[in-house]
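Breakdown of the fold
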Amino acid sequence: MRNIRLSVPDNAKSGDVIELKAMIRHDMESGYRVNIQGQTIARNILTFFECRFDDNVIFSADFHPGVSANPLLKFHMRAQKSGTLTFEWTEQTGQIFTKTAALAVLE
Amino acid sequence: MTPIKRRDVLRISGGVAVSLTLLPKSAWADEPAMRKSIRDMFGDKPIQDGRVTLTIPTLSENGYSVSMNVEVESPMTENDYVTKLAIFSERNPIPLIAAYHFTPASGRARIASNIRLGGTQNVHAIAQMSDGSLWRASAKTFVTLAACVVL
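This text gives an overview of the structure that appears in the document.

1. Section: the overall build of chain B
Assigned secondary structure in chain B consists of two helices and nine strands. The order of helices and strands in chain B, counted from the N terminus, is α-α-β-β-β-β-β-β-β-β-β. For chain B, buried positions account for 44% of its 151 residues. Within chain B, residue pairs in contact and separated by at least 24 positions form 67% of the contacts whose partners lie at least 6 positions apart. In the structure as shown, chain B presents an accessible area of about 7900 Å², 56% of it carried by carbon and sulfur atoms.

So, in structure tokens, the structure goes:
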């Protein structure tokens, strides 16, 4: 399993806009690098990221080779009720990496 | 540690020289390629300056990881929000770096991420609003160590 780090506030007030951070360890091999034998290293990147709150999509992103290795993303959401956040990355091979976090919203 | 052999140095530098000369010219994007990439995504609609703030360092020591901040002015309500934000590079082999999709539940159209840049250039951020209008910001950065070129 990939090393995934998330940062979600411990709690939030209803209506607050909170910042979420998500980072995954991945080489994001661009397909433009050359190894010591002079051969091109095959491309292997994450192509898609999605953040869902109880199955509703909050934010998503399409990645191309111009995204750095170990991509970090900071984005926001409007907290309305307590629930589960799902962070999901899709690799070009179709493999999916997921991590969830609980969000507690004080009424 | 074993000393670096003359043979190895020749082999590596030979590989680099061959790969640089064999690269098809079209593989390296220039501005026309970026304009085509923008047209492919947004069509021929006019793009206005403003509403988008793109922050990247003026000097980037390492083109492999350049921190980037983009914020779009929008109330982010059901009727008026940012649907899409795309980042384009003038000099990367692939002009489109990333595209971000927002929803009214995002609350705020602001992202931070790290990108690769293949040399000193302008970076462009184009936002599409829910009414279909397009807004743009660009920023220049000097890249000391370019991604894609060094091994």
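2. A few points about the nonpolar core
Ranked by internal contacts, the top residues of the largest apolar core, which has 58 residues, are F49, F59, F87 and W89 of chain A together with L85 and Y100 of chain B. Filtering out sequence-adjacent residues up to four positions away, F59 of chain A remains in contact with F49, E50, C51, L73 and F75 of chain A together with Y100, H101, F102 and I111 of chain B.

3. Quick notes on the interface of chain A and chain B
Taken together, the contact pairs 32 residues of chain A with 33 residues of chain B. Across the chain A/chain B interface, buried area totals approximately 2600 Å², and carbon plus sulfur atoms make up 53% of it. When residues of chain A are sorted by the area they lose upon contact with chain B, Y32, H76 and R78 of chain A head the list and together hold 22% of the total. On inspection of chain A and its partner chain B, the count reaches zero salt bridges. Summed over the shared surface of chain A and chain B, the number is 20 residue pairs in polar contact (both at pLDDT 80 or more). Secondary structure elements with two or more residues in the side of chain A that touches chain B: β5 (56-63) and β6 (72-78) of chain A. Per-class residue counts for the side of chain A that touches chain B are 18 nonpolar, eight polar and six charged.

4. Concerning the packing of aromatic side chains
Within the structure shown, the criterion is met by eight aromatic pairs over all chains. Here F59 of chain A and F75 of chain A contribute two aromatic rings whose centre-to-centre distance is 4.4 Å and whose plane-to-plane angle is 10 degrees, an arrangement assigned as stacked. With F59 of chain A in strand β5 and F75 of chain A in strand β6, the pair connects residues that are 16 residues apart, well separated along the chain. Judged by its relative accessible area of 0%, F59 of chain A is buried. Among the aromatic residues, ring-to-ring pairing joins F49, F59, F75, F87 and W89 of chain A together with Y100 and F102 of chain B into one connected group.

5. A short note on the side chain of E90 of chain B
Residue and element names in this part refer to chain B. Along the chain, E90 falls in the loop between β5 (82-89) and β6 (96-102). Of the buried charged residues, E90 lacks a salt bridge, with R136 as the closest side chain of opposite charge at 7.3 Å. For E90, the side chain forms a polar contact with the side chain of H124, separated by 3.0 Å.

6. Let's talk about the pairing of strand β7 (residues 110-115) of chain B
β7 of chain B sits mainly inside the fold: five of its six residues count as buried. The pairing of β6 of chain A with β7 of chain B spans two bridges and is antiparallel. Residue pairing across strands places K74 of chain A opposite A112 of chain B, the latter belonging to β7 of chain B. Pairing of strand β4 (residues 66-72) of chain B with β7 of chain B, which is carried by six bridges, proceeds in the antiparallel orientation. Bridge pairing links V66 of chain B to I115 of chain B in β7 of chain B.

7. Side note on the side chain of S30 of chain A
Topologically, S30 of chain A is positioned in the loop between β3 (17-24) and β4 (46-53). Of note is the side chain of S30 of chain A, whose polar atom sits 3.2 Å from the backbone nitrogen of Y32 of chain A. Discounting residues that sit within four places of it in the chain, S30 of chain A has contacts with R43 and P65 of chain A together with R116 of chain B.

8. Side note on the environment of Q39 of chain A
Mapped onto the secondary structure, Q39 of chain A falls in the loop between β3 and β4. Among all residues touching Q39 of chain A, those that are not within four sequence positions of it are R33 and V34 of chain A.

9. Observations concerning the pattern of salt bridges
Residues and elements named next belong to chain A. Overall, the coordinates contain seven salt bridges over all chains when judged by the stated rule. Here E29 ties to R33 by a salt bridge, and the two come within 2.9 Å at their closest N and O atoms. It is possible to trace a salt-bridge network through shared partners that takes in E50, R52 and E88.

Definitions and limits used
Residues numbered from 1 in each chain as written. Chains lettered and ligands numbered in written order. Predicted model: local features only at pLDDT ≥ 70, side-chain atom pairs only at ≥ 80, totals over all residues. Heavy atoms only, no water. Helix = DSSP H or I, 4+ residues; strand = E, 2+ residues; numbered from the N terminus. Buried < 20%, exposed > 50% of the residue type's maximum accessible area, 1.4 Å probe, protein only. Contact = heavy atoms within 4.5 Å. Areas by Shrake-Rupley, 256 points an atom, 1.4 Å probe, with all protein chains shown as cover. Core = buried A, V, L, I, M, F, W, Y, C linked by side-chain atoms within 4.5 Å. Buried area = accessible area lost by both parts, 1.4 Å probe. Salt bridge = Lys/Arg side-chain N within 4 Å of Asp/Glu carboxyl O. Polar contact = N/O pair within 3.5 Å; in protein donor to acceptor, adjacent residues only side chain to side chain. Nonpolar A, V, L, I, M, F, W, Y, C, P; charged D, E, K, R; others polar. Phe/Tyr/Trp six-rings, centres within 6.5 Å; stacked < 30°, edge-to-face > 60°. Lys, Arg positive; Asp, Glu negative; His and termini not counted. Pairing = 2+ DSSP bridges.

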